[in-house]
2 protein chains.
Amino acid sequence: MERTPSHPQVSQFSLQQVLEAVVDPVRRSIVTQLDAAGEDIACGAFDISVSKSTATHHFKVLREAGLIRQYYVGTSRMNALRRTEMDRTFPGLLDAVTTAQAKGR
Amino acid sequence: MERTPSHPQVSQFSLQQVLEAVVDPVRRSIVTQLDAAGEDIACGAFDISVSKSTATHHFKVLREAGLIRQYYVGTSRMNALRRTEMDRTFPGLLDAVTTAQAKGR
DNA sequence: ACATAAGTACGATGGACGTCAAACTTTGAT
DNA sequence: ATCAAAGTTTGACGTCCATCGTACTTATGT
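If you look chain A up in an unreviewed UniProt entry, it shows as Transcriptional regulator from Streptomyces flaveus.

What follows is the structure in structure tokens.
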């Protein structure tokens, strides 16, 4: 188990990767829940409808796209939305997604 | 050949469909070129690197997502960006995509 | 009428991706 | 020491999708 997962730097963010991340409904739901909560959430505390191994996969995709930051607290892996950095790189993108999601689209 | 293709109404736009449309590099390039041109462009006048049949497929996906409007002029099929309607439905989304694209991400 | 131009329609194909189960690792609690 | 909790890793599987070539349609020009 890799205890210190690697995160991309802001300079490495790519639109392609971010779009590929948020195009999946499960991953978009994760982002939305993180955004709505306003605080970090453990992997197991999300309301998602897939198996644990699939969830791990989704978190990895989100992390590698730069959308979330992950760190361990005991056996739990916490997830933080990298909002500021995303907003700086792709202004309006995250807002557009979370807003549309909140409106039921 | 269907001469009057159907376009979705604004009320039918879905974030999922729009994201699925713009996640493809070729389709995103089409949107970007349309946005940059500021005028309608015929299918054949785009700078794309796929075959004609594949291009047709991409235009169809964009049309069904509500991103473009298509109409015939002679044998040419013109494409118009549905900017206003998109902006009203998903504020900031199109801007975020085209801006990031223009900045080379 | 005939030829050309511009797309469309229809399979077929190959690769990518979401999904899961099973086995494993690490940490914390009893 | 043991056990349970929380994720990870690996491999496999099915499906979806971007792509293409070929054949077809419609309109324009000669």
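Q: Looking at this structure, I do not really get helix α2 (residues 25-37) of chain B. What am I missing?
A: Counting along an α-helix, one turn takes 3.6 residues, and residues three or four places apart therefore face a common direction. Residues and elements named next belong to chain B. With 13 residues, α2 should cover 18 Å at 1.5 Å per step; its first-to-last C-alpha distance of 18 Å lies within 8% of that length. Where α2 begins, the side chain of D24 points an oxygen toward the backbone nitrogen of V26, at a separation of 2.9 Å. Just downstream of α2 lies G38, where phi reads positive at about 75°.

Q: When you look at the pairing of strand β2 (residues 68-73) of chain A in this model, what are you seeing that I'm missing?
A: Every other side chain in a regular strand lies on the same face of the sheet, so the side chains alternate between the two faces. All names here are of chain A. By the bridge criterion, 6 bridges tie β2 to strand β3 (residues 76-81) in an arrangement that is antiparallel. When the sheet's bridge partners are listed, Y71 is paired in β3 with M78. Turn length for the β2-β3 hairpin, with the two strands adjacent in sequence and antiparallel, is 2 residues, and the turn residue G74 shows positive phi of about 70°.

Q: Which parts of the structure should I look at to understand the interface of chain A and chain B?
A: It is common to give the size of an interface as the accessible area that goes away when the parts come together. Across the boundary between the two partners, chain A contributes 23 residues, which contact 23 residues of chain B. Summed over both partners, the interface of chain A with chain B comes to about 1700 Å²; 63% of that surface belongs to carbon and sulfur atoms. At the surface where chain A touches chain B, the tally comes to 0 salt bridges. On the surface where chain A and chain B come into contact, there are 10 residue pairs in polar contact (both at pLDDT 80 or more). At the level of elements, α1 (15-22), α2 (25-37) and α5 (93-102) of chain A are the ones that each hand at least two residues to the side of chain A that touches chain B. Taken together, the residues that form the side of chain A that touches chain B break down as 13 nonpolar, 7 polar and 3 charged.

Q: Sorry, what's going on with the protein's contact with DNA strand C here?
A: Taken together, 23 residues sit near DNA strand C, with A:R27, A:H58, B:K52, B:T56 and B:R77 positioned nearest. Restricting attention to atoms of DNA strand C within 4 Å of the protein, one finds that 65% of them are sugar or phosphate atoms. The separation between a base nitrogen of DNA strand C and a polar side-chain atom of B:K52 is 2.5 Å. Separating a phosphate oxygen of DNA strand C from a side-chain N or O atom of B:T56 is a distance of 2.7 Å. Contributing elements (two or more residues each) for the surface near DNA strand C: α3 (52-65) of chain A together with α3 (52-65) and β3 (76-81) of chain B.

Q: So what exactly am I meant to see when it comes to the sheet that holds strand β2 (residues 68-73) of chain B here?
A: Residues and elements named next belong to chain B. Strand order in the open sheet formed by 3 strands is β1-β3-β2, and the pairing between neighbours is antiparallel. Both outer strands of the open sheet, β1 (41-42) and β2, are each paired with one neighbouring strand and no more. Two elements, β1 and β3, share 2 bridges in a ladder whose sense is antiparallel. Each bridged residue has a counterpart across the sheet, and for A42 the counterpart in β3 is M78. With respect to the sheet, α2 is in contact with β1, β2 and β3, its orientation differing from that of β3 by roughly 80°. Along the sheet, α3 contacts β2 and β3; its crossing angle with β2, the most-contacted strand, is approximately 125°.

Q: What's the story with the packing of aromatic side chains in this structure? I'm lost.
A: Remark: the centre distance and the inter-plane angle together describe each pair of aromatic rings, the angle taken between the planes. Residues and elements named next belong to chain A. Scanning all chains against the criterion turns up 2 aromatic pairs over all chains. Plain terms: the ring middles of F46 and F59 are 5.4 Å apart, the flat faces sit at 55° to each other, and that makes the pair tilted. Note that F46 is positioned in the loop between β1 (41-42) and α3 and F59 in helix α3, a separation of 13 residues in sequence. F59 carries the same exposure label as F46, and that label is buried. Geometry around Y72 places R3 over its ring, the cationic atom sitting 3.6 Å from the centre.

Q: How should the protein's contact with DNA strand D be read in this particular structure?
A: What surrounds DNA strand D is a group of 25 residues, the closest being A:K52, A:T56, A:R77, B:S53 and B:H58. Within 4 Å of the protein, the atoms of DNA strand D are drawn from sugar and phosphate moieties in a proportion of 64%. Here B:H57 contributes a side-chain N or O atom positioned 2.9 Å from a phosphate oxygen of DNA strand D. Side-chain polar atom of B:H58 to a phosphate oxygen of DNA strand D: 2.3 Å apart, as the coordinates give it. Elements with a contribution of two residues or more to the surface near DNA strand D: α3 and β3 of chain A together with α2 and α3 of chain B. At 4 residues, the largest contribution of residues to the surface near DNA strand D is made by α3(B).

Parameters at a glance
- Residues numbered from 1 in each chain as written.
- Chains lettered and ligands numbered in written order.
- Predicted model: local features only at pLDDT ≥ 70, side-chain atom pairs only at ≥ 80, totals over all residues.
- Heavy atoms only, no water.
- Helix = DSSP H or I, 4+ residues; strand = E, 2+ residues; numbered from the N terminus.
- Expected span 1.5 Å × (residues − 1).
- Polar contact = N/O pair within 3.5 Å; in protein donor to acceptor, adjacent residues only side chain to side chain.
- Pairing = 2+ DSSP bridges.
- Contact = heavy atoms within 4.5 Å.
- Buried area = accessible area lost by both parts, 1.4 Å probe.
- Salt bridge = Lys/Arg side-chain N within 4 Å of Asp/Glu carboxyl O.
- Nonpolar A, V, L, I, M, F, W, Y, C, P; charged D, E, K, R; others polar.
- Near = heavy atom within 4 Å.
- Axes fitted to C-alpha atoms, helices over the stretch in contact; angles between N-to-C directions.
- Phe/Tyr/Trp six-rings, centres within 6.5 Å; stacked < 30°, edge-to-face > 60°.
- Buried < 20%, exposed > 50% of the residue type's maximum accessible area, 1.4 Å probe, protein only.
- Lys NZ or Arg CZ within 6 Å of the ring centre and 35° of its normal.

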